[in-house]
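Understanding the architecture of this molecule
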Amino acid sequence: MSASFPPRRVVMRMHERASEPASGRAGCDWRPSAGIDALRLRARLLRAARAYFDAQGVMEVETPALGAATVTDPSIESLRANGRTGRSWYLQTSPEFAMKRLLAAGSGSIYQITRAFRDGERGRHHNIEFSILEWYRVGFDHHRLIDDVDALLDRILGSRPSSRLTFREAFLRHLDLDPLTATTVELHDACESRGFASRAASATRDECLDHLLAAAVQPALGPGRVYLLDFPASQAALARIRNGPPEVAERFELYIDGIEVANGYHELRDAGELHGRMRRDIETRRCGGRPAPAVDARLLAAHEAGLPACAGVAVGFDRLVMLAGGYRALREVLAFPEDAA
Amino acid sequence: MPNVSTNEFRSGLKLIIDGDPCSIIENEFVKPGKGQAFVRARFRNLRSGRVVERTFKSGESVEAADVLEVSLQYLYNDGDLFHFMDEQTFEQHAADAGAVGDASRWLKEQDVCAITLWNGTPIVVNPPNFVTLEITETEPGVRGDTASGATKPATVETGAVIKVPLFVEQGELVRIDTRTGEYVSRARE
């Protein structure tokens, strides 16, 4: 933490609280949760990221934070904003859909640094709003995009070695379990021996894999940069699926010191396939009795008009700042996290 | 008891885990990049004191435990159960030897204990931090020896054996720290 800034967390005892004047603002905690040094680091990394893309000829864009449509992904919840006229908007959970419409309109490679909002995400490495650095490279596949991510990180964080590991290799190495062929019984057994009563929670196959990834694989990845790639086809999200065997999604995640920092795709282009995945998401949400947003008609139309072959990635910028500064929690690099905003 | 959603998890919340009442020590939101969100929680089992870690799907419900921390006055031991009373309502509760555990060494009638009730039944009994008990048996004292620091064994009225300084006599009252089982000082009633 900053040496030049008083620490925000002061232990307050009950009698001290009680002695505060009831009407005063003396006890009102107005200070940032991040030290000024952390904010200075954030500013420096923002400048460095922009300089990287500028040198690469990638154009910075801005797209709306309020959208008529939102993501259907069952594991992401959108927030809504209401206007006086009765109209409401979704706060973007990422700028992905708007940026893909720009790509379809011929923008060429683009990047954006923006705020994204996800309801219910709160924790050491989560805040309800967070900064995303998202970019798309026309003509790249996910392997070239990983090279690009690495080059950016070398530039802004300093040069470090990195490794690439398929999702399957990672599970085989750290769990002795093949995530693509393991039976449901084997997955449940593995979950239950690791503190998650997956059968009682009626967890799906993918939910079991999610738990095992978070509880057993992620902590074993070790220090440094590790790119996990070729996810199970059922976890493709909006990545292309490469025909097998085994059939896998051309998707990757970057872990730095075991913390997930980026998620990228060799982008799915087929409009029919996109529509099918969104309908499946909506079906999953309805089955769980959860709100099911409509498909984004403008995104579908853009795909029908033609998304150029490209790869795209979103980096959790706050986590990057946290790791770059050796901090342990997001609130140490956010000026005002949710509970202090 | 009603079920509690993981969204309401906070430290100190009492839940049933593997059939036992547990208290949340800490909980953390965990979410792999694109996947299902989880809540990872560490619990203290209120019966065994052991710490367990469990993961739940975010939004999953867990059975709440009807756990109450109360102060009850110790009445008597009937040879099997230890009987306590709420001084306000005069309601009585009986605790078995498993719930009382080591506290039985220090239980003196009318002392007030901190007791954890689960479904109305005591599962943990904590004696007062300090108790005053009479020495019922010890070797004759060495008068005037208040400096040597030497000790001798002494049995107190509850049957527990403690170490006391040589000058302490049979029939005297002593103050004992029940957390360490150590003699603190001589006492007057």
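Everything here concerns the structure above.
Not measured: the values here are computed from a predicted model. (Residues numbered from 1 in each chain as written. Chains lettered and ligands numbered in written order. Predicted model: local features only at pLDDT ≥ 70, side-chain atom pairs only at ≥ 80, totals over all residues. Heavy atoms only, no water.)

Considerations on the packing of helix H2 (residues 36-56) of chain A against helix H4 (residues 142-157) of chain A
All names here are of chain A. Applicable threshold: Structural elements are reduced to axes, namely lines fitted to C-alpha atoms, with helices fitted over the stretch in contact, and the angle between N-to-C directions of any two is expressed from 0 to 180 degrees. Runs of E in the DSSP output that reach at least two residues are strands. Runs of H or I that reach at least four are helices, and both are numbered from the N terminus. Orientation labels follow simple angle bins: below 35 degrees gives roughly parallel, above 145 gives roughly antiparallel, 65 to 115 gives roughly perpendicular, and whatever is left gives oblique. Left-handed describes a crossing whose near helix is turned anticlockwise from the far helix through less than a right angle; right-handed describes the clockwise counterpart. By the convention used here, residues are in contact when the closest approach between their heavy atoms is within 4.5 Å. Gly falls in the polar group here, along with every residue not listed as nonpolar (Ala, Val, Leu, Ile, Met, Phe, Trp, Tyr, Cys, Pro) or charged (Asp, Glu, Lys, Arg).
At a minimum axis separation of 9 Å, H2 and H4 run at an interaxial angle of 135°. Here H2 is positioned oblique relative to H4, judged by the angle of their axes. As for how H2 packs across H4, the hand of that crossing is right-handed. Packed against H2, whose contacting residues are Leu 45, Ala 48, Ala 49, Ala 51, Tyr 52, Phe 53, Ala 55 and Gln 56, the element H4 presents Asp 148, Ala 151, Leu 152, Arg 155, Ile 156 and Leu 157 at the interface. Here the residues of the contact of H2 with H4 are counted per class, giving 11 nonpolar, one polar and two charged.

Here's the deal with the interface of chain B and chain A
Heads up, the rule is: What counts as buried area is the accessible surface, traced by a 1.4 Å probe, that two parts surrender upon association, with contributions from both included. Salt bridge, as used here, is a side-chain nitrogen of Lys or Arg placed within 4 Å of a carboxyl oxygen of Asp or Glu. Polar contacts, as used here, are pairs of N or O atoms within 3.5 Å; protein pairs need one atom able to donate a hydrogen and one able to accept it. Residues neighboring in sequence count only if both atoms are side-chain atoms.
Opposite the 17 residues of chain B that make contact, chain A presents 27 residues. Both sides together, the interface formed by chain B and chain A hides about 1,800 Å², and carbon and sulfur atoms give 51% of it. Its largest share of buried area at the contact with chain A, chain B owes to Phe 29, Lys 31 and Lys 34 of chain B, together 37% of the area lost on that side. Scanning the region where chain B abuts chain A turns up three salt bridges. Among the salt bridges present, the one from Glu 28 of chain B reaches Arg 124 of chain A, with a minimum N-O distance of 3.1 Å. On inspection of chain B and its partner chain A, the count reaches 10 residue pairs in polar contact (both at pLDDT 80 or more). Those elements giving two or more residues to the side of chain B that touches chain A turn out to be strand E3 (20-30), strand E4 (38-45) and strand E5 (51-57) of chain B. Element by element, the count of residues in the side of chain B that touches chain A is highest for E5 of chain B, at five residues. Among the residues forming the side of chain B that touches chain A, the class breakdown is five nonpolar, four polar and eight charged.

Section: the sheet that holds strand E3 (residues 79-82) of chain A
All names here are of chain A. Formally: A pair of strands is treated as paired once DSSP finds two or more bridges between them.
Pairing in this open sheet of three strands is antiparallel, and the strands run E2-E4-E3 from one edge to the other. In this open sheet, the two strands that pair with only one neighbour each are strand E2 (66-67) and E3. In this structure, E3 lies alongside strand E4 (residues 88-91), joined through four bridges in antiparallel fashion. Bridge pairing in E4 places Asn 82 opposite Ser 88.

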